[in-house]
Amino acid sequence: MAHKVTLIPGDGIGPEIILAAKRCVAATGVKIDWEEVVAGSDALATTGELLPQAVLDSVKKNKVALKGPIITPIGEGFRSVNVAIRQALDLYACVRPAKTYPGVKSNYKDIDLVIVRENSEDLYAGIEFEEGLDETKALIKEIENLSKKNIRSDSGISIKPISKFASKRIVKFAFEYALKHNRKKVTIVHKANIMKFTDGLFLRAGREVAQEYAGRVNFEEAIVDNMCMQLVSKPHNYDVLVLPNLYGDILSDLCAGLIGGLGIAPGANIGDGLAVFEAVHGSAPKYKGLNKVNPTAMILSAALMLDYLNEKKAALALEDAVKAVISEGTNLTYDFKANPKDPLAVGTQEMADAIIKKLNQS
Ligand code: NAD
């Protein structure tokens, strides 16, 4: 029987990489009945809304979605559609594997890490107060009274809520993920030395959860700044990393850099019984419609989706086909090349064709 899956093509380069991923999934032989819904700039043009309720309803109904990236204009009081989807569906765990494949342009070899980023709170909760507004000035006065500290009157304020509930939930998710995927260690990343009541709470909740897994999965703690240094100097020392939202976002890109760039970093946003699969990268608007960008991150996100749908054999076959094409080194997009202007670089759909050919041979 076919799996019913919501398809959100997104905008910018979204539709072209989604097409490549969809074609690769079809080549695995797994039957998917795609329900396509539109969010982002196309939805705004046709429905007047960036995130129509129909998109959320479709994911709730089908339980699984494959999503292309969606543009977020900076600093226009516009909440990211990507963040809004995660929050509306309570997709609280963002899982981003970072693996080096032989043949990628990277200073590192044999990296195999997984970032588990808390997706529902922290500075991404969207509680912000704009500089100069009366309510912001009133809030500043209130905080000064409560904290006995001065805040410059021309400040903007962002609130960082971190709860015990969400912290325990994400650390538990990281440990369960480690057990399920035969991982040996979970490292909790924080800045509890400075933010004692937010990151400190995250860390204490993590320690409590870790006790339940003692003897089954190792546990260690790292301060986020040191973690950045450790990751670029000794990435092989790490396995599963669990982080609050903002550090998770930043370290995901750092890990994408370790494995050869954003073009090959896949991801998943997972909640209780719901999952949306998407690449780490954004909509790279300058490449829109050029059939130029790397489809690998989206295709590997689709492989994670197949694994989630319990189509383990197809998921592995798809990952192996990607690996084989990368290691052959011929049918690769510009970003894999030493010189990005290399005339031998192929387009998005041509790289997908090569992956499909490998699947057909397997
Ligand atoms: P981006 O990830 O879109 O692109 C940054 C650069 O990375 C690109 O210019 C390109 O050089 C490279 N790149 C990205 N994807 C690539 C691919 N598949 N192949 C080859 N190279 C690739 O980041 P940005 O420019 O900061 O963001 C563009 C827009 O995307 C913004 O509006 C941002 O908010 C949004 N965004 C969306 C998501 C999402 O949908 N989940 C995630 C991140 C950013």
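The following refers to the structure shown.

Parameters and conventions
- Residues numbered from 1 in each chain as written.
- Predicted model: local features only at pLDDT ≥ 70, side-chain atom pairs only at ≥ 80, totals over all residues.
- Heavy atoms only, no water.
- Helix = DSSP H or I, 4+ residues; strand = E, 2+ residues; numbered from the N terminus.
- Rg over C-alpha atoms; globule rule 2.2 N^0.38 Å.
- Buried < 20%, exposed > 50% of the residue type's maximum accessible area, 1.4 Å probe, protein only.
- Contact = heavy atoms within 4.5 Å.
- Areas by Shrake-Rupley, 256 points an atom, 1.4 Å probe, with all protein chains shown as cover.
- Lys, Arg positive; Asp, Glu negative; His and termini not counted.
- Charge placed at Lys NZ, Arg CZ, Asp CG, Glu CD.
- Salt bridge = Lys/Arg side-chain N within 4 Å of Asp/Glu carboxyl O.
- Expected span 1.5 Å × (residues − 1).
- Polar contact = N/O pair within 3.5 Å; in protein donor to acceptor, adjacent residues only side chain to side chain.
- Near = heavy atom within 4 Å.
- Phe/Tyr/Trp six-rings, centres within 6.5 Å; stacked < 30°, edge-to-face > 60°.
- Lys NZ or Arg CZ within 6 Å of the ring centre and 35° of its normal.
- Patch = residues over 30% accessible without salt bridge, like charges linked within 9 Å, V, L, I, M, F, W, Y side chains within 5 Å.
- Pairing = 2+ DSSP bridges.
- Axes fitted to C-alpha atoms, helices over the stretch in contact; angles between N-to-C directions.
- 1 Å grid on protein atoms, 1.4 Å probe; cavity = no way out; pocket = protein on both sides within 12 Å on 5 of 7 lines; lining within 4 Å.
- Points joined across faces, edges and corners; volume = space filled by probe spheres on them.
- Nonpolar A, V, L, I, M, F, W, Y, C, P; charged D, E, K, R; others polar.

## A look at the overall build of the protein chain
Right, on to step 1. Counting secondary structure elements, the protein chain contains 12 helices and 12 strands.
Right, on to step 2. The globule rule puts the C-alpha radius of gyration for 362 residues at 21 Å, and the 21 Å found for the protein chain is close to it.
Right, on to step 3. The principal-axis extents of the C-alpha atoms in the protein chain amount to approximately 70 × 55 × 45 Å.
Right, on to step 4. Taking all 362 residues of the protein chain together, 52% fall into the buried category.
Right, on to step 5. By sequence separation, contacts in the protein chain at least 24 residues apart represent 74% of the contacts at least 6 residues apart.
Right, on to step 6. Surface exposure of the protein chain reaches about 16800 Å², of which carbon and sulfur atoms provide 54%.
Right, on to step 7. A gap of 5 Å separates the mean positions of the 45 positive and 44 negative side-chain charges of the protein chain.

## Regarding the pattern of salt bridges
Right, on to step 1. Applying the stated criterion to the full structure yields 23 salt bridges.
Right, on to step 2. Of the charged contacts in the structure, one is a salt bridge between K67 and E278, with a shortest N-O distance of 2.6 Å. Here K67 is found in strand β3 (residues 64-67), whereas its partner E278 is found in the loop between β12 (275-277) and α10 (296-308), with 211 residues between them in sequence.
Right, on to step 3. The class for E278 is buried, based on a relative accessible area of 7%.

## Focus on helix α6 (residues 164-180)
Right, on to step 1. Taking 1.5 Å as the rise per residue, α6 with 17 residues should run 24 Å; its terminal C-alpha atoms sit 24 Å apart, in good agreement.
Right, on to step 2. Residues A166, S167, R169, I170, V171, F173, A174, F175, Y177 and A178 constitute the buried set of α6.
Right, on to step 3. Looking one or two residues past α6, N182 carries a phi angle of roughly 55°, positive in sign.

## What to know about the side chain of D199
Right, on to step 1. Mapped onto the secondary structure, D199 falls in helix α7 (residues 199-212).
Right, on to step 2. Among the polar contacts made by the side chain of D199, one reaches the side chain of Y247 at a distance of 2.7 Å.
Right, on to step 3. The contact partners of D199, leaving out residues within four places of it in the chain, are K160, I162, H190, K191, A192 and Y247.

## Points about the site of the ligand
Right, on to step 1. If you check the shell around the ligand, you find 22 residues, and the closest are I70, T72, N82, G282 and A284.
Right, on to step 2. Take S283: an N or O atom from its main chain is 3.0 Å from an oxygen atom of the ligand.
Right, on to step 3. For the ligand, a nitrogen atom lies 3.2 Å from a polar atom in the side chain of Y334.
Right, on to step 4. Protein burial of the ligand: of its 810 Å² of free accessible surface, 71% is covered by the chains.

## Some remarks on the packing of aromatic side chains
Right, on to step 1. Here the structure, examined in full by the defined rule, presents five aromatic pairs.
Right, on to step 2. Look at Y287 and Y334: their rings are 5.5 Å apart centre to centre, the planes differ by 35°, and that puts the pair in the tilted class. Taken together, the residues span a long stretch of sequence, with Y287 in the loop between β12 and α10 and Y334 in the loop between α11 (312-328) and α12 (348-361) at a distance of 47 residues.
Right, on to step 3. A relative accessible area of 19% places Y287 in the buried class.
Right, on to step 4. An aromatic cluster of at least three residues, connected via ring pairs, comprises F175, Y213 and F219.
Right, on to step 5. Above the plane of the ring of Y124 lies R117, whose end atom (NZ or CZ) is 4.9 Å from the centre.
Right, on to step 6. A cation over a ring is seen here: K292 above Y334, with NZ or CZ 4.4 Å from the ring centre.

## A closer look at a negative patch on the surface
Right, on to step 1. Residues E130, E131, D134, E135 and D154 make up a contiguous surface patch of negative charge.
Right, on to step 2. Tracing the chain through its elements places E131 in the loop between β6 (128-129) and α5 (134-147).

## Description of the sheet that holds strand β9 (residues 218-223)
Note: strands within a sheet are paired through backbone hydrogen bonds, in either parallel or antiparallel orientation.
Right, on to step 1. The strand order across the open sheet formed by 10 strands is β2-β1-β3-β12-β11-β4-β5-β10-β8-β9, and the pairing between neighbours is mixed. Only two strands of the sheet have a single neighbouring strand rather than two, namely β2 (32-36) and β9. Adjacent strand axes in the sheet meet at a mean angle of 25°, parallel and antiparallel pairs treated alike.
Right, on to step 2. Relative to β2, strand β1 (residues 3-8) runs parallel, the two being bridged by five bridges. Among the inter-strand pairings, T6 is bridged to a residue of β2, identified as E35.
Right, on to step 3. Those strands touched by helix α9 (residues 245-258) are β4 (93-99), β5 (112-118), β8 (185-190) and β10 (240-243), and its axis lies near 160° from that of β5.

## Overview of the layout of surface pockets
Right, on to step 1. Within this model, the second largest pocket holds a volume of roughly 740 Å³.
Right, on to step 2. Forming the walls of the second largest pocket are 28 residues, and the residues nearest its centre are P97, Y177, H181, L304 and D307.
Right, on to step 3. Among the secondary structure elements, those contributing two or more residues to the lining of the second largest pocket are β4, α6, β11 (268-270), α10 and α11.
Right, on to step 4. Here the lining of the second largest pocket gets five residues from one element, more than from any other, and that element is α10.
Right, on to step 5. Counted by class, the lining of the second largest pocket contains 18 nonpolar, three polar and seven charged residues.

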